[in-house]
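# Tertiary structure, described
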Amino acid sequence: MSSDATIEKFTKQEYKYGFTTDVESDAAPRGLNEEIIRLISAKKEEPEFLLEWRLKAFRHWQTMEEPHWPNVKYPAIDYQNIIYYSAPKSMTNRPKSLDEVDPEVVRTFEKLGISLEEQKRITGVAVDAVFDSVSVATTFREKLAELGIIFCSFSEAVREHPELVRKYLGSVVPHTDNFFAALNSAVFSDGSFCYVPKGVRCPMELSTYFRINAIDTGQFERTLIVAEEGSTVSYLEGCTAPMRDVNQLHAAVVELVALDRATIKYSTVQNWYPGDEEGKGGIFNFVTKRGACRGKGSKISWTQVETGSAITWKYPGCILQGDDSVGEFYSVALTNRRQQADTGTKMIHIGKNTRSTIVSKGISAGRGQNTYRGLVQVMKGAENARNFSQCDSMLIGDKCGAHTFPYVDVRNPTATVEHEATTSKIGEDQVFYCNQRGISTEDAVNMIVNGFCKEIFRELPMEFAVEAQKLLSVSLEGSVG
Amino acid sequence: MAEKDKTQTYLQDLERFRRARPHESESWVEPIRRRALSRFAELGLPSPREEDWRQTNLAPLRRLALRWSGPEEAAAPKRTEVRDLLFGGEAAAEIVFVAGHHAPELSSIGDLPEGAVVESLLDGVEKRKDLLVDHLGRYADFETRSFAAWNTAFLRDGAFVFVPEGLAIDKPIHLLYLSRGGSEPSVAHPRNLILVGKGASATVVETYASLDDGTFLTNAVTEIRVGEGASLRHIKLQEESIRAFHVGALQAHQERSSRFDSLSFAFGAGLARNDAGSVLDGEGAECVLDGLYLGRGDQLIDNHTVIQHARPHGSSRELYKGILTDRARGVFSGRIVVRPDAQKTDAKQTNQTLLLSANAAVHTKPQLEIYADDVKCTHGATVGRLDENAVFYLRSRGIEEAAARSLLTYAFAADLVGRVDWAPLRKRLEELLVARLPLGEEIRGAL
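Definitions and limits used
What you see as residue numbers is a count from 1 along each chain, following the sequence as written. Labels are handed out in written order, letters beginning with A for the chains and numbers beginning with 1 for the ligands. Owing to the predicted nature of the model, reporting of local features is limited to residues with pLDDT of at least 70; listing and counting of side-chain atom pairs is limited to 80 or more, with chain, interface and lining totals taken over all residues. Only hydrogens and water are set aside; all other atoms, that is, all heavy atoms of the structure, feed into the side-chain values. Helix and strand definitions here come from DSSP, where helices need a minimum of 4 consecutive H or I residues and strands a minimum of 2 consecutive E residues; each element is numbered from the N-terminal end. Note on exposure labels: buried denotes an accessible area under 20% of the residue type's maximum, exposed denotes more than 50%, and partly exposed covers the range between, all computed with a 1.4 Å probe on protein chains only. Here, residues are in contact when the closest pair of their heavy atoms is within 4.5 Å. Every accessible area reported is derived by Shrake-Rupley at a probe size of 1.4 Å, with residue values counting cover from the shown protein chains alone. Here a pair means two rings of Phe, Tyr or Trp (six-membered ring of Trp) with centres within 6.5 Å. Their orientation is stacked below 30 degrees between planes, edge-to-face above 60, and tilted elsewhere. Whether a charge lies above a ring is judged from NZ of Lys or CZ of Arg, which has to be within 6 Å of the ring centre and within 35 degrees of the ring normal. For our purposes a nonpolar core is just a set of buried Ala, Val, Leu, Ile, Met, Phe, Trp, Tyr and Cys residues, chained together by side-chain atoms within 4.5 Å. A helix is expected to span 1.5 Å for every residue after the first. Once two parts are put together, the accessible area they lose, assessed with a 1.4 Å probe and summed over both, is termed the buried area. By convention in these notes, a salt bridge is any Lys or Arg side-chain nitrogen within 4 Å of a carboxyl oxygen on Asp or Glu. Side-chain atoms alone can form a polar contact between residues adjacent in sequence; in general such a contact is a pair of N or O atoms within 3.5 Å, and within protein one must be able to donate a hydrogen while the other accepts it. Basically, the charged four are Asp, Glu, Lys and Arg, the nonpolar ten are Ala, Val, Leu, Ile, Met, Phe, Trp, Tyr, Cys and Pro, and anything else, Gly included, counts as polar. At least two bridges found by DSSP between two strands is the condition for calling them paired. Axis geometry follows a simple rule: fit a line to the C-alpha atoms, using only the stretch in contact for helices, then measure angles between N-to-C directions, giving values from 0 to 180 degrees. By definition in this entry, angles of less than 35 degrees are roughly parallel, angles greater than 145 are roughly antiparallel, angles of 65 to 115 are roughly perpendicular, and the rest are oblique. A crossing counts as left-handed when the near helix is turned anticlockwise from the far one by less than a right angle, and as right-handed when that turn is clockwise.

This paragraph deals with the overall build of chain A. Of the regular secondary structure elements, chain A holds 13 helices and 24 strands. Classification of the 481 residues of chain A by burial places 65% in the buried group. A sequence separation of at least 24 residues applies to 84% of the contacts in chain A between residues at least 6 apart. For chain A, the exposed area adds up to about 17,600 Å²; of that, 49% sits on carbon and sulfur atoms.

Below, the structure written as structure tokens:
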């Protein structure tokens, strides 16, 4: 098959998660004002402090301007034409157990490959599934509760553990942080909450699945994970959305807090609908993710595989406050068709002997534009801070772009900071070698790309690593030019 | 005083000067000046909100009311006063400028090969309009860059260097820019144009120095065109006083198979900003941008470079090294852009900074912007201190710690100083380097 035909075949490959689910939803009217925020808050029966916090964020948001510095182009977002709250109707009378959840919703998750029923029995992954804006079901709760781990939807956490929410909400990403974080703080509808008590090692991978279903809805979830002294937790996040020819906004906030010697590993496989080959539709994925290594010797590790979304704009970061704390960032970002990604990380070294590692792999194909943007900042007190960054880009086809914008700020002479970046394409000789061994061009490209990303996939939990590899193949296969 | 008002004052300075010389306003350059003037009036000085100036706050410069002075006010110093800065007989030609105005009494145009031109731009503009008209104001972007617009609005004097087709000038051409603070802070806008014809080659050295330790701003712009198969080596040494402000733009445009090699030494000025760039607008062009910056006291040294690969088979190499001590701050931003047609580009960029004191800081931003797929591009940045093992090694050989550190620091910089093959200049660079090192005098013998 000629390479052009191959490109055509695969760029036209359908987004296999593009189905919609016919569920009656209980949605707020379009637009955003204080009334809507009060409505969201009332629907969720939130305590007064949270409503106040939302309103404070909303008032601040109104004074802010949408930022335009990233290396991405997109049509203006009309914030008054978005539905800020949408819940499957049957959730209005909150189900007591999984059996009471609307069977349509359950089927949707089965299609996605996370059968909540199955999950319970076979896999060891505890799932919190978020459908549009509401958390649908959380599995394995009792088992986790025995260890003192709280893993539930954000709304439940607000009802049952308001003191924890109050203490940590907005402590890493304040409501004033940026335009989209402020918007999220005002209207966030649900998300996951996880609290791991002192000294507990969470025995299974925790996982959230996000799904935007209803048309014209924005999804604004909020995740908060707190790991107490000496605890360990690994958390997975996956996302899909139906195919729509209008853009949908996803502006989430994720906050992680690691206390003394705690470890949090946060993995994301993001596969939101990327839009069609003309760049029509797709998700705007504008997310603020940040972890605070508050305690001594704490560690936060971000791993992300970004293959979806029309536009991805996010910088999962670590604030390395505690002495000897460690931050890690492993990322694969793939842009195909007309996708654009401006992603990277921020490592802020504050404590002594803090270490950070950044490994970023960007793959651009079709007309995709891929930008790595990162900040490594070593503050004055960060004696012996150490950073190593490596950003590699791979280009497939001559209409795509790969860009690297690292920022390095060092204010301490004992720090050692290294940054390296390379850009290359898949060598014709490499493909030829595979061809002559009877491996088709598509398979060869896949193999090479998977090899290129191996360092990252190694960081993913097993089941995700397999999924990520498959995802990459689907998103990319054959786009060799 | 509002920014706009201050810009107005600068413009009034210019008007006053123009009225005194009506013939200069009739020049073909006038429309370029007018256009730049209106751009400068609109742009004003850059604010830290602009990405390119985020780390370089111009507030101290804003506070000053800088006066632009005409040539009659720029008294040239005696030859003996600037003896160290003049290379005279060792150079193919040497032109000296005081406050941006040509000082013929200090300049010496030796016996240049036939056809080569080294003269003041003011002389060249009318006499050689045909040569200049396609180049002057074409490379340094004054539409979006305020300092270039400011310079272009005041475009009058500077150096004009022309090397005709096929000619190789062996000895370097030296351009020396002197400024003094005087009773009130002043500003100079030297403007240079260097044209190297097909297959020709030359070396041009620009030195910027002060006559006293007063406050002034040098806002220099150098435009360069390197013809097909031609080669230009450009060296800039900036050693202005610690109270001076220096903003310099160097913009080259390269044709097919040409080579442009730039080496910048930023040692002086309280606030120094260098913008160096080249557009590789012909197949197989080669570009080298190297630089060394030394900061001490409260100096802020900012280097911005942009290499634009516009055609296939181009290659570029970039190495910037910095040594920062005391409370000095360094800024480095290097951009490599590979445009869609520039296949087979090979680009490499490196920035290394040595921080020698607790209060020194560096902001580095190496960037790659790539729109073609068959390319090989890498960049790297490191920030660190001296290798403790190397220090220990020297100490175990009986060299005291401070001297050992000094020696290692010298070695870090010597790499770039060693690239200067013109003996008198290298000697001067070594002197300056040793003088700036802690315990420099003690290690002089060892070098």
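This part is about the overall build of chain B. Each helix and strand in chain B was counted, giving ten helices and 22 strands. Here chain B holds 447 residues, and 62% of them are scored as buried. Considering only contacts in chain B between residues 6 or more positions apart, those separated by 24 or more positions represent 83%. Only carbon and sulfur atoms are counted for the fraction: they give 48% of the accessible area of chain B, which is about 17,000 Å².

On to the packing of aromatic side chains. Each pair of aromatic rings is reported with the distance of its centres and the angle of its planes. All names here are of chain A. Taken as a whole and assessed by the stated rule, the structure comprises 22 aromatic pairs over all chains. Centroid distance W61 to F179: 5.4 Å. Interplanar angle 40°. Geometry classified as tilted. With a gap of 118 residues between them, W61 in helix α3 (residues 48-62) and F179 in helix α9 (residues 179-187) connect regions that are remote in the sequence. With respect to burial, W61 and F179 carry one shared label: buried. Grouping aromatic residues by their ring pairs yields a cluster made of F58, W61, F179, F180, F284, F286 and W313. In this structure, R54 packs its charged tip against the face of F188, placed 4.2 Å from the ring centre.

With that settled, consider the nonpolar core. A general feature of soluble globular proteins is that nonpolar side chains tend to end up buried together. Core analysis: the biggest nonpolar cluster contains 96 residues, and L206 and V410 of chain A together with L232 and F260 of chain B have the highest contact counts within it. Those residues within four positions of L232 of chain B in sequence are excluded, and the remaining contacts are I194, V196, A202, V204, I224, V226, R259, F260 and D261 of chain B. Listed in part, the 40 residues of the second largest apolar core include L11, L121, A149 and F154 of chain B.

Right, let's get into helix α2 (residues 30-43) of chain B. In this model α2 of chain B runs 20 Å from its N-terminal to its C-terminal C-alpha over 14 residues, within 8% of the 20 Å that 1.5 Å per residue would give. Every buried residue of α2 of chain B is listed here: E30, I32, R33, A36, L37, R39 and F40 of chain B.

Now for the interface of chain B and chain A. Tallying the contact residues gives 34 residues for chain B and 32 residues for chain A. For the pair chain B and chain A, the summed buried area comes to about 2,600 Å², and 49% of that belongs to carbon and sulfur atoms. Our count for the chain B to chain A interface comes out at zero salt bridges. Where chain B touches chain A, the interface holds 16 residue pairs in polar contact (both at pLDDT 80 or more). Where the side of chain B that touches chain A is concerned, the elements lending two or more residues are β21 (361-370) and β22 (376-384) of chain B. It is β21 of chain B that provides the largest number of residues to the side of chain B that touches chain A, a total of ten residues. Here the residues of the side of chain B that touches chain A sort into 14 nonpolar, twelve polar and eight charged. Here strand β23 (residues 401-410) of chain A runs beside β21 of chain B; their pairing, made up of six bridges, is antiparallel. Bridge pairing in β21 of chain B links V410 of chain A to V362 of chain B.

Turning our eyes to something else, we now look at the pairing of strand β8 (residues 222-227) of chain A. As a general feature of sheets, a regular strand has side chains that alternate between the two faces. All names here are of chain A. The element β8 is extensively covered by neighbouring structure, given that six of its six residues are classed as buried. Of the two faces of β8, the one carrying R222, L224 and V226 and the one carrying T223, I225 and A227 are both buried. Sheet topology places strand β6 (residues 192-196) next to β8; four bridges connect them, and they run parallel. Paired with C194 across the two strands is I225, which belongs to β8. The pairing of β8 with strand β11 (residues 253-258) spans six bridges and is parallel. Bridging from a neighbouring strand, R222 pairs with V253 of β11.

The next point concerns the pattern of salt bridges. Opposite charge on two side chains makes pairing possible when the charged atoms of those side chains draw close. Residues and elements named next belong to chain B. A complete count under the given rule lists 43 salt bridges over all chains for this structure. Taking the shortest distance from any N to any O, the salt bridge between R273 and D275 comes out at 3.0 Å. In this structure, E430 and R426 form a salt bridge, with 4.0 Å as the shortest nitrogen-oxygen distance. Of this pair, E430 and R426 both sit in helix α9 (residues 423-436), four residues apart, roughly one helical turn. Note on E430: relative accessible area 30%, which makes it partly exposed. Residue classification places R426 among the partly exposed residues on the basis of a relative accessible area of 29%.

Right, let's get into the packing of helix α10 (residues 428-436) of chain A against helix α11 (residues 441-452) of chain A. Residues and elements named next belong to chain A. Between α10 and α11, the shortest axis-to-axis distance is 9 Å and the interhelical angle comes to 125°. Judged by the angle between their axes, α10 and α11 are oblique. Where α10 crosses over α11, the two elements pack in a sense that is right-handed. For the pair formed by α10 and α11, the contact residues are Q430, V431, C434 and N435 on the first element and T441, A444, M447 and I448 on the second. Here the residues of the contact of α10 with α11 are counted per class, giving five nonpolar, three polar and no charged.

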